[in-house]
Amino acid sequence: IVVDKGGHRHFMLKEIMDQPQAMTAALKDRADFANGRVNLPEFPLSPADVMQLERVVLIGCGTSLHAAQVGRHYIERLAGIPAEAESASEFRYRDPIIGPRTLVVSIGQSGETADTVAAMHLAREKGATLITICNAEESQAARVADGALYMHAGLEVGVASTKTFVASLTILQLLSVYLGQLRGKLDAETTRRLVDQMARGPGLIGEVLAEANLYSSLARRIGHYDNFLFLGRGANAAIASEGALKLKEISYIHAEGYPAGEMKHGPIALIDPEMCTVALAPRDDLRDKTLSNIKEVKARGGLVVAVLTKGDDEAASEVDFPLFIPQAPDLLMPLVTTVPLQLLSYYIALLRGCDVDQPRNLAKSVTVE
Ligand code: AGP
């Protein structure tokens with residue numbers, strides 16, 4: 001395997017830039033664009049058994065937990081099956097009520113995370129159907145699971161996961177549409193529309209990447225802040241957590257990710273001119289509510305960076321630094337809002353002279369408890 005940075009200064013930047021290709025690779029041979037359907041030959045259950053599923057439990061750690069949290073939204077909305085997401089490192093210490101009609105989906109770049117593999121063994125013992133979404137073939141996760149949906153994202157070298165997060169979300173979309181299609185939750189026309197939307201994903205991510213230099217100049221304006229609060233609602237609450245994780249991992253800045261609706265229940269006490277809030281408020285059903293959180297932060301003297309849909313001048317006038325993303329369908333929104341946060345973290349870490357690809361104290365794969 002040839003491992004190079006493709007002309008970039010760090011693997012992380014290369015891997016961020018590779019995300020359109022990572023999404024394309026995950027879709028390949030699964031999204032049937034000609035017929036407007038999803039094929040998942042690796043999925044271990046028969047259509048009859050899929051009809052019997054009562055619950056989906058998604059597990060993972062770190063970035064993969066955030067993917068699970070987005071996946072929960074996809075499964076409920078598109079497959080119509082009750083779903084929950086939980087940290088694998090906690091799931092294994094409960095006595096979860098699961099059985100043959102529970103589908104457990106483990107998510108992991110490496111497939112070697114000790115807590116995730118232990119949680120998978122627990123799910124196995126309890127008789128659940130177990131699949132894994134992972135990047136590393138022949139990993140422990142792939143061996144324990146009944147079926148593996150590989151990301152095919154190529155080697156990820158940077159310790160901070162980027163392209164494998166986008167690949168995980170892509171596979172979670174495919175899985176949700178596949179289950180929805182088999183269970184009759186999605187009619188043929190809706191399925192076709194969703195598959196067409198997926199085809200637009202790499203291009204939309206590419207549009208954000210084309211403006212990467214903007215993030216470098218924003219980093220110079222805000223990179224000296226020592227406290228960041230990331231806010232988002234719905235699936236974007238998980239992306240807010242992912243944005244905070246990325247920033248803390250590679251720049252060592254204290255950052256919290258919160259569902260925007262939780263702000264009033266505590267974090268608002270932290271808002272002052274020393275706090276930088278990064279809000280995800282793209283144009284969707286939840287945009288107005290998040291905009292009112294933004295106004296609350298501004299009223300308390302906080303600095304606001306906001307990820308907004310291009311053309312949303314009303315929201316832009318409320319914030320200090322708007323970051324525009326293209327209009328995207330709801331299905332793709334979490335992938336598109338992720339990219340500005342990755343770029344921002346990267347350029348802030350660079351500015352602070354941090355070791356972006358090998359941050360202190362972190363291992364690419366946590367194989368011990
Ligand atoms: C991601 O940026 C982190 N380095 C970390 O949270 C990681 O996602 C976590 O350790 C899980 O790893 P896995 O996906 O290989 O299971």
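Residues numbered from 1 in each chain as written. Predicted model: local features only at pLDDT ≥ 70, side-chain atom pairs only at ≥ 80, totals over all residues.

Spelled out, the test is: UniProt positions are given in the numbering used here, feature names are shortened, and annotations may be inferred rather than shown by experiment.
An unreviewed UniProt entry lists the protein chain under the name Glutamine--fructose-6-phosphate aminotransferase [isomerizing], with Geodia barretti as the source organism. Under the heading Pathway (unreviewed entry), UniProt records this for the protein chain: "Nucleotide-sugar biosynthesis; UDP-N-acetyl-alpha-D-glucosamine biosynthesis; alpha-D-glucosamine 6-phosphate from D-fructose 6-phosphate: step 1/1."

1. Here's the deal with the overall build of the protein chain
Going by this rule: Comment: elements are numbered from the N terminus, with helices defined as DSSP H or I runs of at least four residues and strands as E runs of at least two. We compute the radius of gyration over the C-alpha atoms and compare it with the globule rule, which gives 2.2 Å times the number of residues raised to the power 0.38. Exposed residues have 12 or fewer other C-beta atoms within 10 Å of their own C-beta, buried residues have 20 or more, and residues in between are partly exposed; the C-beta atoms are placed from the backbone.
Scanning the protein chain for helices and strands turns up 14 helices and 12 strands. Against the globule reference of 21 Å for 369 residues, the protein chain gives a C-alpha radius of gyration of 20 Å, in line with a compact fold. With the principal axes as the frame, the protein chain shows a C-alpha extent of 55 × 45 × 40 Å. Per-residue burial for the protein chain yields a buried fraction of 54% across its 369 residues.

2. Description of the environment of Leu231
So the rule is basically this: Any residue pair is listed as a contact if its two C-beta atoms, each placed from the backbone, are within 7 Å.
Following the sequence through the fold, Leu231 ends up in strand S8 (residues 227–232). Through-space distance from the C-alpha of Leu231 to that of Ala128 is 34 Å; in sequence the pair is 103 residues apart. Apart from the residues within four sequence positions on either side, Leu231 is in contact with Ala240, Tyr258, Ala260, Met263, Thr277, Ala279, Leu280, Thr290 and Asn293.

3. Concerning the site of the ligand
Definition in use: Think of it this way: take the backbone, place a C-beta atom on it, and check whether that atom is within 6 Å of the molecule or strand, in which case the residue is near it. Just so you know the grouping, Ala, Val, Leu, Ile, Met, Phe, Trp, Tyr, Cys and Pro go in nonpolar, Asp, Glu, Lys and Arg go in charged, and all remaining residues, Gly too, go in polar.
For the ligand, the set of nearby residues contains 16 residues, the closest of which are Gly62, Thr63, Gly108, Ser110 and Thr113. Among the residues making up the shell around the ligand, the classes are represented as five nonpolar, 10 polar and one charged.

4. A closer look at the UniProt feature "domain: SIS" (unreviewed entry) in the protein chain
The UniProt feature table records "domain: SIS" (unreviewed entry) at residues 46–185 and 218–359. The straight-line gap between the two end C-alpha atoms of residues 46–185 is 17 Å; of that span, 46% is helix and 20% is strand. Across residues 218–359, the secondary structure splits into 41% helix and 21% strand, with the terminal C-alpha atoms separated by 22 Å.

5. Concerning the pairing of strand S3 (residues 55–60)
The condition is simple: In short, DSSP must find at least two bridges between two strands for them to pair.
A large share of S3 lies buried, amounting to five of its six residues. Across five bridges, the pairing between S3 and strand S5 (residues 102–108) is parallel. The residue bridging Leu58 from the neighbouring strand is Val105, located in S5. Note: S3 against strand S4 (residues 83–87), five bridges, orientation parallel. From the neighbouring strand, Leu58 faces S4, where its bridge partner is Ala85.

6. Side note on the packing of helix H2 (residues 19–27) against helix H9 (residues 188–209)
Packed helix pairs are characterised by how far apart their axes lie and by the angle those axes make with each other. Formally: Each axis is a line fitted through C-alpha atoms, and for a helix only the stretch in contact is used; angles between axes span 0 to 180 degrees, taken between their N-to-C directions. The scheme is simple: roughly parallel for angles under 35 degrees, roughly antiparallel for over 145, roughly perpendicular for 65 to 115, oblique for anything else.
Following both chains from N to C, one finds H2 and H9 inclined at 170°, their axes separated by 8 Å at the closest point. In terms of orientation, H2 lies roughly antiparallel with respect to H9. Seen from H2, the contacting residues are Gln19, Pro20, Met23, Thr24 and Leu27; seen from H9, they are Met198, Gly201, Pro202, Ile205 and Gly206. The residue inventory of the contact of H2 with H9, partitioned by class, reads six nonpolar, four polar and no charged.

7. Quick notes on the confidence of the model for the protein chain
For clarity, the cut-off: Across the chain, each position has a pLDDT score giving the predictor's confidence in that residue, from 0 to 100.
In the predicted model, the protein chain carries a mean pLDDT of 96, and the fraction of residues at 70 or more is 99%. Interface scoring of the predicted complex returns ipTM 0.98; its pTM is 0.97.

8. Quick notes on the sheet that holds S3
What the five strands build is an open sheet, ordered S4-S3-S5-S6-S7; its pairing is parallel. Of all the strands in the sheet, just S4 and strand S7 (147–150) have a single pairing partner and so form its edges. Adjacent strand axes in the sheet meet at a mean angle of 20°, parallel and antiparallel pairs treated alike. Sitting on the sheet, helix H8 (residues 163–182) touches S5, strand S6 (129–134) and S7, and the angle it makes with S6 is about 140°.

9. Description of the environment of Ala316
Within the secondary structure, Ala316 sits in helix H13 (residues 313–316). Its 16 C-beta neighbours within 10 Å are what place Ala316 among the partly exposed residues. In this structure the C-alpha to C-alpha distance between Ala316 and Leu291, which are 25 residues apart in sequence, comes to 9.9 Å. Apart from residues lying up to four places away in sequence, Ala316 is in contact with Leu308 and Pro322.

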